[in-house]
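Letter by letter, the chains look like this.
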Amino acid sequence: MSSPAIQVTDYSWKYLHSTTRAIKNIELIVQPGECLGLIGSNGSGKTTLCNSIDGLIPGQYHGIKEGRVEVFGTEVEEYRRGELQRTVGLVFSDPEAQFTAMTVEDELVFGMENLGLSISEINRRLEWVCDLADLSPLLDKPPYEISGGQKQRVALAAMLAMQPRVLILDEPTAMLDPVSRERVFAVLARLRKEREITMILIEHSLEHIIPLADRMVLLSNGRKLHEAPTRTFFSDLSLLRQEGIHLPGAVGFSGYLRESGATTDEPAISVEEAAQQARNLRGAAKGELS
Amino acid sequence: MSYVDVIDLAYTYPDGTQALHGVTLSIESGEMLSLIGQNGSGKTTLSKCLNGLLLPTSGNVVVDGHDSKSSSISDMVRRVGYVFQNPDHQLFNPTCRDEIAYGPRNIGIREPEVTERVEEAATVVGLGSEHLTEHPFFLTKGLRQRVAIAAILALRPRVIIVDEPTTGQDARQAREIMGFLTTLNREHGHTIIIITHDMDIVAAYTERILAMAKGTLIADNSAREIFSNPAIMERASLAPPQITRLAQALGDMGIHPGVLSLDEMIAAFEGS
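Residues numbered from 1 in each chain as written. Chains lettered and ligands numbered in written order. Predicted model: local features only at pLDDT ≥ 70, side-chain atom pairs only at ≥ 80, totals over all residues. Heavy atoms only, no water.

(A) Region of interest: the overall build of chain A. When helices and strands are tallied, chain A shows twelve helices and ten strands. For a compact globule of 290 residues, the expected C-alpha radius of gyration is about 19 Å, and chain A comes in at 21 Å, within 12% of that figure. Here the C-alpha coordinates of chain A stretch approximately 70 × 50 × 40 Å along the principal axes. Scored against the burial criterion, the 290 residues of chain A give a buried share of 53%. Total accessible area computed for chain A in this model is approximately 13200 Å², and 49% of it derives from carbon and sulfur atoms. On chain A, the mean spot of the 30 positive side-chain charges and the mean spot of the 40 negative ones are 3 Å from each other. (Helix = DSSP H or I, 4+ residues; strand = E, 2+ residues; numbered from the N terminus. Rg over C-alpha atoms; globule rule 2.2 N^0.38 Å. Buried < 20%, exposed > 50% of the residue type's maximum accessible area, 1.4 Å probe, protein only. Areas by Shrake-Rupley, 256 points an atom, 1.4 Å probe, with all protein chains shown as cover. Lys, Arg positive; Asp, Glu negative; His and termini not counted. Charge placed at Lys NZ, Arg CZ, Asp CG, Glu CD.)

Shown next as C-alpha cells:
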C-alpha cells in the first residue's frame, strides 16, 4: 500500500523561548487527494502544525521536536534542501508576503523558472493557472496595484503553477471581502474537481470549509480534540460550542432538531439540507394529522 | 438636527475617482450601526469625511454643529474617531502609554489631563497598568486592537468608527470585541459605527444598517428589513447570514424572511 500524503505520529513541538508545547502529541493521517479542514481558536496550534508539515519547523525556528512528521513516507527533516518545499505549497492570508516580481506574469512564472521547467511547460502551466484563477486580464499589471482578492488569486496561482502534491492554505481569505472570498473558494473547488491534490485548509468560517473538506480536525491548546469525516464531525455539537466555535446557521438548526429528538437524521451541513430536514418534519406532522 | 448630518455629500479623489455622490444621512447620538458594502463602495471614504480627514467635494458634513468645511481637523477628530482595520497601521509609539497619549497631546491637551485621559481610556478597554509600559507590538492582536481603540477614546470622541474589528479573530475573540464595543455604546454613550463584511456580526449586534454600493447609500434600514430585501443585498454584493438564508428557503412554510438568529429560527419553526 502506498504511504499517506501526511503522517504525523506522536508529534510535539516547543518553541525555544516558550514554557509550554505549542503542539502536544498529535496523531494525524491525510491520504493523497484528501482535503482536511483544520479549525480551532487562535493560538490552538493550527499554523504551527502546518509549518511543521512544510518544514518551516524545525528548519526556520528553534525549538524541541518530538515524534515524527512524514510527507509521502519520508520524515520532513530527511528531505534534501528545497525538495520538501516543491512537494508542499503554502499560501498565507497575506499574499504580499510572497510577492517578488514586478508583473503578475513574472510572479506566476518565477517559481516555475526556479524549478528549471522548459519554456513550453511553463507556458502550458501558465495557461492552466490563468484559466483556473481567471488572471489573464491582469498579467501585465504590477502585483501590488491589484485588489486584495486578485492578489490572493495570484498568490494561489503562483503556488499551483509549481504543482505541489500538497497544498496548505492558512486562512487564505481572512483579509478579503465576501465577493473575493467566494471567488477564491470557487478556485479551490474547481481545483479539487480537476486535479488530485492533497489539501489542508485552515479557516475560521465553517460555512466555507464544509463544502470543501472531506474530514475535519479541531485543535485546542495544541491538542487534537476532535476528528471525523465532515458530516459526522457535527454529530455532537457540545464540544464545538464549548470551544467557542461559531456554527453556521444550518448546522446549528439541524443540531437543534436532532438534540430535541425531532429527527434522527444525520446532521445537515448546508442550507438546502437543513431546509429539507425542516420540510420532512412538517410533512410528517401533516401526514400524522390527516 | 442630529448629532451627525451628512447632506448631499460627494467626494472625488484628486485622480478623478468619484468615490461618493449624493450621500445624505443622519446619525443620532448613542446609536450603534453597521456600514456595509463591497470593497470600493465608499465606506472608508465616507468615514474619512465624517472625521474631517477628507473635505467634501460638494455637500456638507456637520457633526455636533461643526461643518467640516469650516472647522479644524482637531475639532472634528475629537468628535469622530476612526479605528483602523489593522491596528498595526495606527500604532507607532514605543509604549502603549505614549500611544494612547499621542492623540490628546496632538490636539493640545495639557499633561496632567493627558495622564488622566490615558488612565481612563486604558481602564475602559481593560488594559492593565502592566501593559501601559509595554511595546504595543509585543501584545496579541486582540490587545493591540484595544490599544488602538484606547488611543481613539483618549480623544473622547462621541462617535467611534471601527473598521473591520473582527477580521482575523476567532469566534470567541470576535464576541469579546463586539461585547466590548456594545459596552462602550450602552454604558459610556458612544455612538458606534462598525464597518464589516461579516453579516453574522451585523445581525447579532447592530439594529440599523447603512448599505453602500458604487459610492452611494443604497439602503438605510433595520437588519431585518435589509436582509429580507434580495434586491438590495444583490446590489451590495452581499449575502445575508446563513440562518436568514435558511429562513428564506422555508418562506412557503410561513417563516419570516428576516430571521436574524438561531433562536428566532427555532421559534419561527416551532410556530409554523
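(B) Just the packing of helix α4 (residues 104-114) of chain A against helix α5 (residues 119-133) of chain A, in detail. Residue and element names in this part refer to chain A. Close contact between α4 and α5 brings their axes to 10 Å; oriented N to C, the two are set at 130°. The orientation of α4 with respect to α5, classified from their angle, is oblique. Regarding α4 and α5, the two cross each other, and that crossing is right-handed. Contacts between α4 and α5 involve Glu105, Leu108, Val109, Met112 and Glu113 from the first element and Ile122, Arg125, Leu126 and Cys130 from the second. (Axes fitted to C-alpha atoms, helices over the stretch in contact; angles between N-to-C directions. Parallel < 35°, antiparallel > 145°, perpendicular 65-115°, else oblique. Left-handed = near helix turned anticlockwise from the far one by under 90°. Contact = heavy atoms within 4.5 Å.)

(C) The packing of aromatic side chains, seen in detail. Under the counting rule described, the total for this entry stands at eight aromatic pairs over all chains. With 5.3 Å between their ring centres and 80° between their planes, Phe233 of chain A and Phe234 of chain A make a pair best called edge-to-face. The exposure classification of Phe233 of chain A matches that of Phe234 of chain A, with both residues buried. Here the aromatic residues Trp13, Tyr15 and Tyr61 of chain A are joined through ring pairs into a cluster of three or more. If you follow Arg165 of chain A out to its NZ or CZ, it ends over the ring of Phe72 of chain A, 3.5 Å from the centre. Across from the ring centre of Phe269 of chain B, 4.0 Å away, lies the NZ or CZ of Arg282 of chain A, which sits over that ring. (Phe/Tyr/Trp six-rings, centres within 6.5 Å; stacked < 30°, edge-to-face > 60°. Lys NZ or Arg CZ within 6 Å of the ring centre and 35° of its normal.)

(D) Looking closely at the sheet that holds strand β2 (residues 23-30) of chain A. Residues and elements named next belong to chain A. On the basis of which strands lie adjacent, the open sheet formed by four strands has the order β2-β1-β4-β5 and antiparallel pairing. In the strand order of this sheet, the two ends are held by β2 and β5 (74-75), each with one partner. Relative to β2, strand β1 (residues 6-15) runs antiparallel, the two being bridged by five bridges. Note that in β2 the partner of Trp13 across the bridge is Ile23. Helix α1 (residues 46-54) rests against β1, β2 and β4 (63-71) of the sheet, and its axis sits at about 115° to β1. (Pairing = 2+ DSSP bridges.)

(E) Local environment of the domain arrangement of chain A. Residue and element names in this part refer to chain A. Along its sequence, chain A is carved into domain 1 (6-247) and domain 2 (248-290). Each of domain 1 and domain 2 has a C-alpha centre, and the two are 34 Å apart. Between domain 1 and domain 2, the buried area comes to about 980 Å², and carbon and sulfur atoms account for 62% of it. For domain 1, the biggest contributors to the area lost against domain 2 are Ile210, Arg231 and Leu247; these three give 56% of the whole. The tally of links between domain 1 and domain 2 comes to three salt bridges. (Domains from an automatic or database assignment. Buried area = accessible area lost by both parts, 1.4 Å probe. Salt bridge = Lys/Arg side-chain N within 4 Å of Asp/Glu carboxyl O.)

(F) Seen up close, the side chain of Thr244 of chain B. Residue and element names in this part refer to chain B. Turning to its location among the elements, Thr244 is positioned in helix α11 (residues 242-249). Among the residues examined, Thr244 registers a relative accessible area of 0% and is labelled buried. A distance of 2.7 Å separates the side chain of Thr244 from the backbone oxygen of Val259, its partner in a polar contact. When neighbours within four sequence positions are excluded, Thr244 is seen to be in contact with Phe227, Pro257, Val259 and Leu260. (Polar contact = N/O pair within 3.5 Å; in protein donor to acceptor, adjacent residues only side chain to side chain.)

(G) Summary view of the side chain of His197 of chain B. Here His197 of chain B is to be found in the loop between β8 (191-195) and α8 (199-205). At 3.1 Å, the side chain of His197 of chain B forms a polar contact with the side chain of Asn39 of chain B.

(H) Expanded view of the interface of chain B and chain A. Listed by partner, the interface residues are 28 residues for chain B and 29 residues for chain A. In this assembly, chain B packs against chain A so that about 2500 Å² is buried in total across both faces, 58% of it on carbon and sulfur atoms. It is Gln242, Leu246 and Phe269 of chain B that lose the most area in chain B upon contact with chain A, and together they represent 25% of the buried surface on that side. Linking chain B with chain A are two salt bridges, by the criterion used here. With its nearest N and O atoms 2.8 Å apart, the salt bridge here joins Asp252 of chain B to Arg279 of chain A. Here chain B and chain A share 15 residue pairs in polar contact (both at pLDDT 80 or more) between them. Mapped onto the side of chain B that touches chain A, the elements with two or more residues apiece are α7 (171-186), α11 and α12 (262-270) of chain B. Grouping the amino acids of the side of chain B that touches chain A by side-chain chemistry returns eleven nonpolar, ten polar and seven charged. (Nonpolar A, V, L, I, M, F, W, Y, C, P; charged D, E, K, R; others polar.)

(I) Molecular detail of the nonpolar core. With 54 residues, the main nonpolar core has Leu108, Leu167 and Phe234 of chain A as its most contacted residues. Among the elements that take part in this core, helix α6 (residues 148-161) of chain A stands out by supplying eight residues, more than any other. Not counting chain neighbours up to four residues away, the residues in contact with Phe234 of chain A comprise Leu206, Ile210, Met216, Leu240, Leu247, Val251, Pro267 and Ile269 of chain A. By size, the runner-up hydrophobic cluster in this structure holds 35 residues, among which are Leu91, Leu132, Leu155 and Leu184 of chain B. (Core = buried A, V, L, I, M, F, W, Y, C linked by side-chain atoms within 4.5 Å.)

(J) Main features of the environment of Tyr256 of chain A. Relative to the helices and strands, Tyr256 of chain A resides in helix α11 (residues 249-259). In this structure the C-alpha to C-alpha distance between Tyr256 of chain A and Thr20 of chain A, which are 236 residues apart in sequence, comes to 38 Å. Those residues in contact with Tyr256 of chain A, other than ones at most four positions away along the chain, are Ile266 and Glu270 of chain B.

(K) How the structure looks around a negative patch on the surface. A cluster of acidic side chains, namely Glu105, Asp106, Glu113 and Asp140 of chain A, defines a negative patch on the protein surface. On the accessibility criterion, Asp140 of chain A (68% relative accessible area) is exposed. (Patch = residues over 30% accessible without salt bridge, like charges linked within 9 Å, V, L, I, M, F, W, Y side chains within 5 Å.)

(L) Representation of unusual backbone geometry in the model. Geometrically, the link from Ile57 of chain A to Pro58 of chain A is a cis peptide bond, its omega value of 5° lying close to zero. Looking at the element boundaries, Pro58 of chain A is found in helix α2 (residues 56-59). Backbone geometry places Asn221 of chain A, a non-glycine residue, at a positive phi of 55°. Along the chain, the position of Asn221 of chain A falls in the loop between β9 (215-220) and β10 (223-229). Within the chain, Asp64 of chain B stands out as a residue other than glycine whose phi angle is a positive 55°. By relative accessible area, Asp64 of chain B is classed as partly exposed at 35%.

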